[in-house]
Amino acid sequence: MESGFASSSKGFMENVDQPHVLAVDDSDIDRKLIEKLLKNFSCKVTTAENGPMALEFLGLGDHQNHSNISKVNLVITDYCMPGMTGYELLKKIKESSVMKEVPVVIMSSENIPNRINKCLEEGAQMFMLKPIKQSDIKQLRCHLMNCRS
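Now for a quick tour of the structure. (Residues numbered from 1 in each chain as written. Predicted model: local features only at pLDDT ≥ 70, side-chain atom pairs only at ≥ 80, totals over all residues. Heavy atoms only, no water.)

Description of the nonpolar core
Convention followed: Grouping buried Ala, Val, Leu, Ile, Met, Phe, Trp, Tyr and Cys residues that are joined through side-chain atoms within 4.5 Å yields what is termed a nonpolar core. Buried, partly exposed and exposed residues are distinguished by accessible area as a fraction of the type maximum, computed with a 1.4 Å probe on protein chains only: under 20%, between the cut-offs, and over 50%, respectively. Secondary structure elements are defined from DSSP: runs of H or I of at least 4 residues count as helices, runs of E of at least 2 residues count as strands, and each element is numbered from the N terminus. Only heavy atoms enter the contact rule, under which two residues are in contact if any of them lie within 4.5 Å.
One finds Leu22, Val24, Leu58, Val75, Ile93, Ile106 and Cys119 to be the most contacted residues of the largest nonpolar core, which totals 24 residues. Contributing elements (two or more residues each) for this core: strand E1 (20-24), helix H2 (51-58), helix H3 (86-95), strand E4 (104-108) and helix H4 (113-122). Here the element with the most residues in this core is H3; it accounts for 4 residues. Residue contacts for valine 24: discarding those within four places in its chain leaves Ala48, Asn50, Gly51, Ala54, Val75, Ile76, Thr77, Asp78, Met81, Leu89 and Met107. Core analysis: the second largest hydrophobic core is formed by 16 residues, Leu37, Leu38, Met128 and Leu140 among them.

Following this line, the structure appears as structure tokens:
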């Protein structure tokens, strides 16, 4: 378990040598791609194939155990997934008193402005269009670490 968990979103990833990212996507290929891209930027990556699995990993599942909360610095999730959308996962994370400060990034292959705005209004840090590229991850990491580029 990571010990560098911060409770404030201000500078949330500053001084984190190896940010821990939870990548959520129902597509095995997309999960592997995101994982590879994040690891290229020295991120520790945990993957989940759906929203309920991600919530369970975060300690926010049906059997909530706040003493077993996983320390992640970022959640990146697909929007369209069966059972629970990325938007619903975002809402659950932002409703949690212990996880609400963790930045959440939504990915989608569909460029639907209404959907993008809804996610950003609900607290998503960023909305990225698939396919995700190395430059997207560089921008994401820089954005979350408050880089000046």
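Regarding the environment of glutamate 110
As for its position among the elements, glutamate 110 is in the loop between E4 and H4. A residue is classified by how much of its surface remains accessible, and glutamate 110, at 34% relative accessible area, is partly exposed. Expressed as a C-alpha distance, the spacing of glutamate 110 and methionine 128, which sit 18 residues apart in the sequence, is 9.8 Å. Look past the residues within four positions of glutamate 110 in its chain and what remains in contact with it is Cys80, Arg115, Phe127 and Leu129.

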